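A look at the structure
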Amino acid sequence: AERANKSITEILANKARVAEANKILDWPTGKGCFLRTILDKVTQDTLIVCLDIDFLELASLNEFLKRERDGEGENILFVNADARQMPFNDKVFDAVTAWGGFIEVPESPKAITESFRVLTAGRYFAGDGEVYKENSESMKIAEKLGISSLASRERIEKCLMDVGFKNIFIE
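Structural notes, computed from the coordinates. Treat the numbers as computed from the prediction; the structure is a model and nothing was measured. (Residues numbered from 1 in each chain as written. Predicted model: local features only at pLDDT ≥ 70, side-chain atom pairs only at ≥ 80, totals over all residues. Heavy atoms only, no water.)

This part takes up the overall build of the chain. Regarding its fold elements, the chain presents 7 helices and 7 strands. Along the chain, helices (α) and strands (β) appear in the sequence α-β-α-β-α-β-β-α-α-β-β-α-β-α when read from the amino end. Across its three principal directions, the C-alpha atoms of the chain cover 50 × 30 × 30 Å. Contacts in the chain between residues at least 24 apart in sequence constitute 72% of all its contacts with a sequence separation of at least 6. Carbon and sulfur atoms make up 50% of the accessible area of the chain, which amounts to about 10000 Å² in all. Counting 23 positive and 29 negative side-chain charges, the chain places the centres of these two groups 4 Å from one another. (Helix = DSSP H or I, 4+ residues; strand = E, 2+ residues; numbered from the N terminus. Contact = heavy atoms within 4.5 Å. Areas by Shrake-Rupley, 256 points an atom, 1.4 Å probe, with all protein chains shown as cover. Lys, Arg positive; Asp, Glu negative; His and termini not counted. Charge placed at Lys NZ, Arg CZ, Asp CG, Glu CD.)

In structure tokens form, the structure reads like this:
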């Protein structure tokens, strides 16, 4: 699982072009698995904003960076907020990443819409999450139970297009 996660985070970092970005937004940051992957890919003056609704997760990650990584993280800002209502101005980030965002955030299309709003025109968004086949047994059960967080490839692609993203790559 660790190798698979590292592979996915590498793909996201490359697709979002984090090495070229001056301001990166990462949601939902959680324990910082994705953040830890990109720290060696960005310059020290790159601002990384970690957004998560769970204050304890963010506080724990902040302490980890201070303690275990010799204070690494001076360029990291932690924001305790809902990804579906981001507290940022329009078009302020060069890259937006959402490792696990398609499944971790209920009503993820709202967070994807917010990602488009805060992203500078012509820049990159990369996200992931578990994807289920449309009309699969899992999707049917989820719909019966009122679980809206399961996503299919078709639903994600439609959401990205409806929001205004271009050159969509789904793997």
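Throughout the structure, instances matching the rule amount to 7 salt bridges. A salt bridge links E57 to K31; the shortest N-O distance between them is 3.0 Å. Here E57 is found in helix 3 (residues 55-68), whereas its partner K31 is found in the loop between strand 1 (23-26) and helix 2 (33-38), with 26 residues between them in sequence. Ionic pairing is found between R84 and D82, a salt bridge with its closest N-O pair at 2.7 Å. Residues participating in the shared-partner salt-bridge network are D90, E114 and R117. (Salt bridge = Lys/Arg side-chain N within 4 Å of Asp/Glu carboxyl O.)

With the exception of glycine, most residues fall at negative phi, and the peptide bonds are largely trans. With an omega dihedral of -25°, the bond running from W27 to P28 counts as a cis peptide bond. Mapped onto the secondary structure, P28 falls in the loop between strand 1 and helix 2. Of note in the backbone geometry, K91 takes a positive phi value of approximately 55° without being a glycine. Of note, K91 is situated in the loop between strand 3 (76-80) and strand 4 (93-98). Of the residues examined, K91 reaches a relative accessible area of 51% and is grouped as exposed. (Buried < 20%, exposed > 50% of the residue type's maximum accessible area, 1.4 Å probe, protein only.)

The pairing of strand 1 with strand 2 (residues 47-52) spans 4 bridges and is parallel. When the sheet's bridge partners are listed, K23 is paired in strand 2 with L47. With helix 2 bridging strand 1 and its parallel neighbour strand 2, the resulting β-α-β unit is right-handed. Where strand 1 lies against strand 4, 3 bridges are found, and the strand directions are parallel. (Pairing = 2+ DSSP bridges. Right-handed = clockwise from strand over helix to strand, strands pointing away.)

So, on to the packing of aromatic side chains. For the structure shown, the criterion picks out 3 aromatic pairs. With a centroid separation of 5.1 Å and an interplanar angle of 80°, the aromatic rings of F88 and F93 are classed as edge-to-face. Comparing F88 with F93 shows no difference in burial state: the two are buried. For the cation-ring pair, R36 lies above F64, with the distance from its terminal atom to the ring centre recorded as 4.0 Å. (Phe/Tyr/Trp six-rings, centres within 6.5 Å; stacked < 30°, edge-to-face > 60°. Lys NZ or Arg CZ within 6 Å of the ring centre and 35° of its normal.)

All right, on to the side chain of D82 then. Inspection of the secondary structure assignment puts D82 in the loop between strand 3 and strand 4. Only 2.7 Å separates the side chain of D82 from the side chain of R84, close enough to count as a polar contact. With near-sequence residues (within four places) excluded, D82 lies in contact with L51 and I53. (Polar contact = N/O pair within 3.5 Å; in protein donor to acceptor, adjacent residues only side chain to side chain.)

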